[in-house]
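Report on the structure
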Amino acid sequence: MSQSAVRSGMSCCDAGSEDAGRGSILYSILNTGAHCPQRRADAAAAHQLCSCAPNRKLVVTRAPQLVFKAASEVLIKTFRFVKNVPCFRGLPAEDQLRLVRNSWAPLLVLGLVQDAVDFDTVETQQPSLLHRILTRSREHTPTEIQDPGVPVSDVEGIKMFLVKCRGLRISVKEYAFLKGAILFTPVTELRCGEYIQALQAEAERALYEHVRTVHRGSSGRFGRLRALLNALRGTDPHAVAGLFFRPVTSSTDEHVLAMFYER
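Residues numbered from 1 in each chain as written. Predicted model: local features only at pLDDT ≥ 70, side-chain atom pairs only at ≥ 80, totals over all residues. Heavy atoms only, no water.

1. Quick look at the overall build of the protein chain
- Scanning the protein chain for helices and strands turns up 14 helices and 3 strands.
- Looking at the protein chain residue by residue over its 263 residues, the buried ones come to 38%.
- Contacts spanning at least 24 positions in sequence make up 79% of the contacts within the protein chain whose residues lie at least 6 apart.
- As displayed, the protein chain offers around 15000 Å² of accessible surface, 53% of which is attributable to carbon and sulfur atoms. (Helix = DSSP H or I, 4+ residues; strand = E, 2+ residues; numbered from the N terminus. Buried < 20%, exposed > 50% of the residue type's maximum accessible area, 1.4 Å probe, protein only. Contact = heavy atoms within 4.5 Å. Areas by Shrake-Rupley, 256 points an atom, 1.4 Å probe, with all protein chains shown as cover.)

2. Considering helix α7 (residues 93–114)
- Along α7, the sharpest change in direction is near 55° and occurs at Ser 103; proline Pro 106 comes one to four residues later.
- Burial runs high along α7: 16 of the 22 residues are buried.
- Phi turns positive, to about 55°, at Ala 116, one or two residues after α7. (Bend = angle between axes of the 7 residues up to and from the residue.)

3. Points about the nonpolar core
- Core analysis: the biggest nonpolar cluster contains 61 residues, and Phe 88, Trp 104, Leu 108, Phe 184, Phe 244 and Phe 245 have the highest contact counts within it.
- Mapped by element, the contributors of at least two residues to this core are α5 (64–83), α7, α9 (152–168), α10 (172–183), α11 (193–214), α12 (221–233), α13 (237–244) and α14 (252–261).
- Top element by residues in this core is α7. It accounts for 11 residues.
- In this structure Leu 108 touches Ala 71, Val 74, Leu 75, Val 240, Phe 244 and Phe 245, once residues within four positions along its chain are discounted. (Core = buried A, V, L, I, M, F, W, Y, C linked by side-chain atoms within 4.5 Å.)

4. Details of α12
- If you check α12, its first and last C-alpha atoms are 19 Å apart, about what 13 residues at 1.5 Å a residue would give, namely 18 Å.
- Restricting attention to buried positions, one finds in α12 the residues Arg 221, Phe 222, Leu 225, Leu 228, Leu 229 and Leu 232. The buried residues of α12 all sit within an arc of 115° when viewed along its axis, so they share a single face. (Expected span 1.5 Å × (residues − 1). Arc of directions from axis to C-beta.)

5. Points about the pattern of salt bridges
- One pass over the structure, following the stated rule, counts 9 salt bridges.
- Across the salt bridge formed by Arg 98 and Asp 95, the nearest N and O atoms sit 3.9 Å from each other. In this pair, Arg 98 and Asp 95 both sit in helix α7, 3 residues apart, roughly one turn of the helix.
- Since its relative accessible area comes to 28%, Arg 98 is described here as partly exposed.
- By relative accessible area, which is 0% here, Asp 95 ends up buried.
- Each of the salt bridges in this network shares a partner with another, and the network as a whole consists of Asp 95, Arg 98 and Glu 189. (Salt bridge = Lys/Arg side-chain N within 4 Å of Asp/Glu carboxyl O.)

6. Concerning the packing of α7 against α10
- Where α7 contacts α10, the axes come no closer than 9 Å and their chain directions differ by 155°. Considering their axes alone, α7 and α10 lie roughly antiparallel with respect to each other. The interaxial crossing formed by α7 with α10 has right-handed handedness. Contacts between α7 and α10 pair Leu 99, Ser 103, Pro 106, Leu 107, Leu 110, Val 113 and Gln 114 from the former with Tyr 175, Leu 178, Lys 179, Ile 182 and Leu 183 from the latter. (Axes fitted to C-alpha atoms, helices over the stretch in contact; angles between N-to-C directions. Parallel < 35°, antiparallel > 145°, perpendicular 65-115°, else oblique. Left-handed = near helix turned anticlockwise from the far one by under 90°.)

7. Describing the environment of Ser 153
- Position of Ser 153 among the secondary structure elements: in helix α9.
- Looking at Ser 153, the relative accessible area reads 47%, which means it is partly exposed.

8. Quick word on the sheet that holds strand β3 (residues 150–151)
- One open sheet holds the 3 strands; their spatial order is β2-β1-β3, and the pairing between them is antiparallel. The outermost strands of the open sheet, each flanked by one partner alone, are β2 (121–123) and β3.
- In the sheet, strand β1 (residues 58–61) pairs with β3 via 2 bridges, with the strands oriented antiparallel. Bridging across to β3, Leu 58 finds its partner in Pro 151. (Pairing = 2+ DSSP bridges.)

Printed below as a string of structure tokens:
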């Protein structure tokens with residue numbers, strides 16, 4: 001970085017774009033072969049590692065192997081429940097797979113609440129930008145030089161959701177209806193889309209009838225459960241996978257489907 005950039009208080013990202021910085025070693029590394037698409041992609045990925053890039057604070061689970069095992073057991077148990085739902089078993093195989101791919105992350109989070117699974121996180125150690133560029137293998141893709149871990153805001157959202165659910169003391173029947181409403185969330189390219197949408201409405205209606213019958217003195221309970229449903233539908237599967245399935249060497253999709261097909 002040039003002295004003029006330092007005196008003006010510019011960030012490393014700003015300085016990299018100035019003519020004054022074009023003679024630096026770092027600039028040369030990032031811009032060698034600038035006309036090559038792969039080089040440009042490498043530079044863009046490396047830019048994300050800059051200390052002034054937004055959302056840099058990432059976290060991982062403190063005991064990833066233990067958390068991975070607990071989360072996998074929860075998801076396997078959840079899939080056993082799913083495969084025992086007659087309406088789900090009657091769907092075409094391709095519709096079953098689309099529903100599983102779409103719903104596994106919120107179903108896992110809901111299962112973690114039901115089985116009282118907790119986890120601790122630690123902030124990841126961030127190597128310097130120059131160290132990552134100089135030591136990475138040339139065979140790595142641009143996405144592989146990004147920092148490992150999950151944004152702390154995503155993790156805090158998951159933890160806050162777990163706390164809210166536990167405060168409601170959800171019953172076994174309510175969990176079943178919630179899982180049904182999540183599982184039968186319509187997605188594109190379903191052969192039985194209208195039928196699946198009707199199943200989702202039926203699950204939510206059954207939840208409403210159950211709450212009205214069992215919790216007559218709690219008029220707001222169904223509204224709180226509906227709010228949880230909406231929050232679950234916004235679950236980011238990439239954040240869930242990065243948090244709970246870090247030891248997986250294959251793709252998350254392959255790991256999830258392997259658990260789904262496990263007997």
